[in-house]
Every structure is written in C-alpha cells, then in structure tokens.
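Secondary and tertiary structure notes
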Amino acid sequence: MTVIKKGDFVKISYTAKLEDGTVIDSTDESVAREHGVYEEGARYGDIVVVVGEGHVLKGLDEDLEGKEVGYKGTVEVPPEKAFGEYDPDNKEVVSITKFSERPVPGQRVRIGEKTGIVEKVIGRRAIVDFNHPLAGKKIIFEYEIKELIDKPEEKVKYLFLIYTGRELVPEIEDGRVVVEVPRDATFNQYFLLGKFTVVDQIFKHLPEVKEVVFTEKFERPEEKQETEAKEESSEGKEEAQEETEAKEE
C-alpha cells in the first residue's frame, strides 16, 4: 500500500465533533442535516485535499501523513491546531453607531476587517468578542481516506475546484496545461484571484508542467445565427428573382 506524504492529493470524508459529541461539520449531507449543521448552497460529498497545504485544519492535515488509502480512524485535534486558543483580550467595546441596527447579544457582526460575536450591549456600547466561535475547543475528526489522486488532469481539476470553486476540464499535453475559462467567470473576482493561486500550485505539485494557458471561447448565439440565415436566404431569393426577371426582359 502507498503511504500518504506531504504533497499527495487525497480524497477524504469526515465528520467533526466537539468533546461532548456535538457534530459541528460533516462532508456527509445526511449527517449535516440530521445534526442541524447543514448549510444551504454548500458542496457536500468527499473532498480532495493536498496534504500539507492547509486545506483542512492543521491537526487533521498532519494526521493524514503516514496513513494508507482505505484508512479509517479518529484524531483529536487540540485548540492550537484547530481554531486557536481562546484569547480573553480579543474583545472590543464598540459604539452602537457602528452598526446598521441596534445589536443584540449572540449576533454575528463585522467590524472593519474583523468578524465577531456581540457578547453584551450596555447602553450605547457593545462588547464584541472577535475570537473564533470554536476557539479553545478540542475538535475530534472521524475520517476516512478514500483515494489517492495520481492523474495530472485530475490534480489540476481539483486545484481549480479548491481555489476557485469551479469544475473545469483541463487538457495536458507535452508539459502544457490548457484550460478554457467559463464565460461567466471572466469578470468574477473570486475566480480571477484564485486562478493565480492555482497556477502556483500547478507548478509546485506537477513538475512536468512547464506552461499553463487560459483560453476563452465565444460562440455566436443561436438566435442570431437563425436570423442571419433567414436574411441570407431572403437575399438569395431576391437575387434569384431579379436574375429571372432580367432574363425574361
């Protein structure tokens, strides 16, 4: 059996719990729904991660190394390798004028570049806790390593899925990766930023690739094609009629 190492592309499934058994996340949609952690619009099913690249929490990422495909097990991830230790000083007193509406305890808010939870509201001031909601918590992962991804095309495909959220079909030949950019992604900021990270990751993990090419394809709308075809047909009939009339004269 192949032993998993850093840089390997592996397909995994997992369910994450707190120490008291509370499920906080799962790649299994039915489990997420059952435990009330289902997120509308989220992608469920097995996920592909590149070991050592931080695509999952550090504690789980590290535990993948040295395992084999087919491994099923549990790992307890301490706070420092999960969402960090709880910092009692990571709070701020904020004027309620900073909010679009009067804040209430437990509300998730964004102040500048930071996101936090309203802890208390006292008069015209709110105490906002900027610690991650799971800071200081031990996370327990039950996971399975389903598959080792070997094919270069598959690796590139999953890199795009990880960093841009798009399922693209790359072509690889003679060290050249060619990817057609979806028309609706041309001006998508998330895609535009993500694709540069994908290029860096391709060069890092696929040494045989020497060049990455992005292409765009625009097809004539069918409606316009039909209109032009009718116009050309009409013009052809008129020309034929004129020629016939000229001969008769």
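Residues numbered from 1 in each chain as written. Predicted model: local features only at pLDDT ≥ 70, side-chain atom pairs only at ≥ 80, totals over all residues. Heavy atoms only, no water.

1. Re the layout of surface pockets
Put simply, the rule is: Here a cavity means grid points, on a 1 Å grid over the protein atoms only, where a 1.4 Å probe fits yet cannot get out; a pocket means an open set of points with protein on both sides within 12 Å along at least five of seven lines; lining residues are those with an atom within 4 Å of a point. Grid points are joined across faces, edges and corners, and a volume is the space filled by probe spheres set on the points. A helix here means a DSSP run of H or I that spans at least four residues, while a strand means a run of E at least two residues long, and both kinds are numbered starting from the N terminus. All amino acids are sorted into three groups, where Ala, Val, Leu, Ile, Met, Phe, Trp, Tyr, Cys and Pro are nonpolar, Asp, Glu, Lys and Arg are charged, and the leftover types, Gly among them, are polar.
Taken as a whole, the largest pocket encloses approximately 740 Å³ of empty space. Taken together, 22 residues form the lining of the largest pocket, with Y14, T27, R43, Y44 and I47 sitting closest to its centre. Put simply, the parts of the chain that give the lining of the largest pocket at least two residues each are β1 (9-17), β2 (23-26), β3 (47-50) and α3 (152-164). Partitioning the lining of the largest pocket into residue classes produces 12 nonpolar, 5 polar and 5 charged.

2. Let's talk about the nonpolar core
Test applied: Here, nonpolar core means buried Ala, Val, Leu, Ile, Met, Phe, Trp, Tyr and Cys residues that are tied together by side-chain atoms lying within 4.5 Å of each other. For every residue, the accessible area (1.4 Å probe, protein chains only) is compared with the maximum for its type, and the residue is labelled buried under 20%, exposed over 50%, or partly exposed between those bounds. What makes two residues a contact is simply this: any of their non-hydrogen atoms within 4.5 Å.
Formed by 22 residues in total, the largest nonpolar core has its most connected members in L159, F160 and I202. For this core, the secondary-structure elements that each account for two or more residues are β3, α3, β11 (176-180) and α4 (189-205). In terms of residues, this core owes the most to one element, α3, which gives 6 residues. Residues within four places of F160 in sequence aside, it is in contact with G165, R166, L168, V179, F191, K195, V198 and F214. Formed by 21 residues, the second largest nonpolar core is a distinct cluster that contains V56, L57, A82 and I145.

3. Re the side chain of H205
Which entries qualify depends on this criterion: Throughout this description, a polar contact denotes any pair of N or O atoms lying within 3.5 Å of each other; where both atoms belong to protein, one of them has to be capable of donating a hydrogen while the other can accept it, and for residues adjacent in sequence the pair is counted only when both atoms sit in side chains.
Tracing the sequence through the fold places H205 in helix α4. The exposure class of H205 is buried, given its relative accessible area of 14%. Within the structure, H205 has its side chain in polar contact with the side chain of E53 (distance 3.1 Å).

4. Some remarks on the sheet that holds strand β5 (residues 91-95)
Stated formally: In this scheme, strands are said to pair when DSSP sees at least two bridges between them. Lines fitted to C-alpha atoms define the axes, with helix axes restricted to the stretch in contact, and inter-axis angles between N-to-C directions lie between 0 and 180 degrees.
One open sheet holds the 4 strands; their spatial order is β5-β8-β7-β6, and the pairing between them is antiparallel. Of all the strands in the sheet, the pair left with one neighbour each is β5 and β6 (108-111). Averaged over all neighbouring strand pairs, the angle between strand axes comes to 45°, with direction disregarded. Examined bridge by bridge, β5 and strand β8 (residues 125-129) share 5 bridges and lie antiparallel to one another. Each residue of the ladder has a partner; that of E92, found in β8, is V128.

5. Some details on the environment of G59
Mapping G59 onto the fold places it in helix α2 (residues 58-64). Residue classification places G59 among the buried residues on the basis of a relative accessible area of 9%. Taking the C-alpha atoms as reference points, G59 and E80, separated by 21 residues in sequence, lie 8.7 Å from one another.

What is shown is where atoms sit, not what they do.
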